Amino acid sequence: MSMFMLDYYEATVKRLQYTTDANGNKKSEYVITNISATWYLSPESSRNQDVWLDRFWQVRNFECDAPFDVKESDILTIDGTDYQVKSFAHVKGIMIDRIRVVLVLPKNEW
C-alpha cells in the first residue's frame with residue numbers, strides 16, 4: 001500500500017463563446033462544454049521550487065491523459081472552483097502521453 005493517496009478530480013472545460021443578441025449587441029461569455037478529464041491536482045511548487053510562498057495556493061498543476069482539448073483562454077472547473085488556464089504542454093515519452101496544465105486562481109479568489 002502506498003504511503004499517500006492522490007485525490008483524483010474531474011476537470012470540466014469552460015470555453016469563451018461569442019454571441020449576438022436579438023438587438024445585434026455582441027457579447028462574450030464562458031460556456032460549460034462537454035470536454036472533461038480526470039486526474040490529480042498538485043501545487044505548482046511541487047514542480048517549480050522558485051514559486052513564491054504567497055502564490056503557493058494560487059497556482060496549480062493538473063495532469064491528465066492525452067488527448068485533452070484545452071486552450072489558454074479556457075477555464076477549468078475542478079471541485080467547484082474555476083481556474084484560469086495559464087499554460088499547457090503535451091508531455092510525451094516512451095511510457096507516458098500526458099497533458100500538463102498550469103492553472104491560476106482568479107485574483108478575486110485569493
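Residues numbered from 1 in each chain as written. Predicted model: local features only at pLDDT ≥ 70, side-chain atom pairs only at ≥ 80, totals over all residues. Heavy atoms only, no water.

1. With respect to the side chain of serine 42
- Mapped onto the elements of the fold, serine 42 is located in strand β2 (residues 26-43).
- Leaving out residues up to four positions away in the same chain, serine 42 has contacts with Arg60 and Asn61. (Helix = DSSP H or I, 4+ residues; strand = E, 2+ residues; numbered from the N terminus. Contact = heavy atoms within 4.5 Å.)

2. Points about the confidence of the model for the protein chain
- Put simply, the protein chain has an average pLDDT of 81, and 78% of its residues get 70 or more.
- At the low end of the mean pLDDT range in the protein chain sits strand β3 (residues 59-65), at 86; at the high end sits strand β4 (residues 75-78), at 94. (pLDDT = per-residue confidence, 0-100.)

3. Observations regarding the nonpolar core
- In this structure, Phe62, Phe68, Leu76, Ile78, Val101 and Leu103 are the most contacted members of the largest nonpolar core, which totals 19 residues.
- Considering each element in turn, this core owes the most residues, five residues, to β2.
- Once residues within four sequence positions are removed from consideration, valine 101 is found in contact with Arg60, Asn61, Phe62, Val70, Leu76, Val85, Ser87 and Phe88. (Core = buried A, V, L, I, M, F, W, Y, C linked by side-chain atoms within 4.5 Å. Buried < 20%, exposed > 50% of the residue type's maximum accessible area, 1.4 Å probe, protein only.)

4. Topic: the packing of aromatic side chains
- As enumerated under the stated definition, the model contains two aromatic pairs in all.
- With a centroid separation of 5.8 Å and an interplanar angle of 90°, the aromatic rings of tyrosine 8 and tryptophan 39 are classed as edge-to-face. Taken together, the residues tyrosine 8 in strand β1 (residues 8-20) and tryptophan 39 in strand β2 connect sequence positions 31 residues apart.
- Take tryptophan 39: its relative accessible area is 15%, and that puts it in the buried class. (Phe/Tyr/Trp six-rings, centres within 6.5 Å; stacked < 30°, edge-to-face > 60°.)

5. Quick word on the sheet that holds β2
- A barrel is described by the order of its strands in space; here six strands give the closed sequence β1-β2-β3-β6-β5-β4, paired in antiparallel fashion. The sheet shows a mean angle of 45° between the axes of neighbouring strands, direction not considered. (Pairing = 2+ DSSP bridges. Axes fitted to C-alpha atoms, helices over the stretch in contact; angles between N-to-C directions.)

6. A word on the pattern of salt bridges
- Following the criterion strictly, the structure yields five salt bridges and no others.
- Between arginine 15 and aspartate 74 there is a salt bridge, and its shortest N-O distance comes to 2.8 Å. You can see arginine 15 sitting in strand β1 and its partner aspartate 74 sitting in the loop between β3 and β4, a full 59 residues away along the chain.
- Measuring nitrogen to oxygen at the nearest pair gives 2.8 Å for the salt bridge that ties arginine 100 to glutamate 63. Of the two residues, arginine 100 sits in strand β6 (residues 97-104) while glutamate 63 sits in strand β3, which places them 37 residues apart along the sequence.
- Assessed through its relative accessible area of 26%, arginine 100 is described here as partly exposed.
- Looking at glutamate 63, the relative accessible area reads 6%, which means it is buried.
- Salt bridges linked by common partners bring Arg15, Asp69 and Asp74 together as one network. (Salt bridge = Lys/Arg side-chain N within 4 Å of Asp/Glu carboxyl O.)

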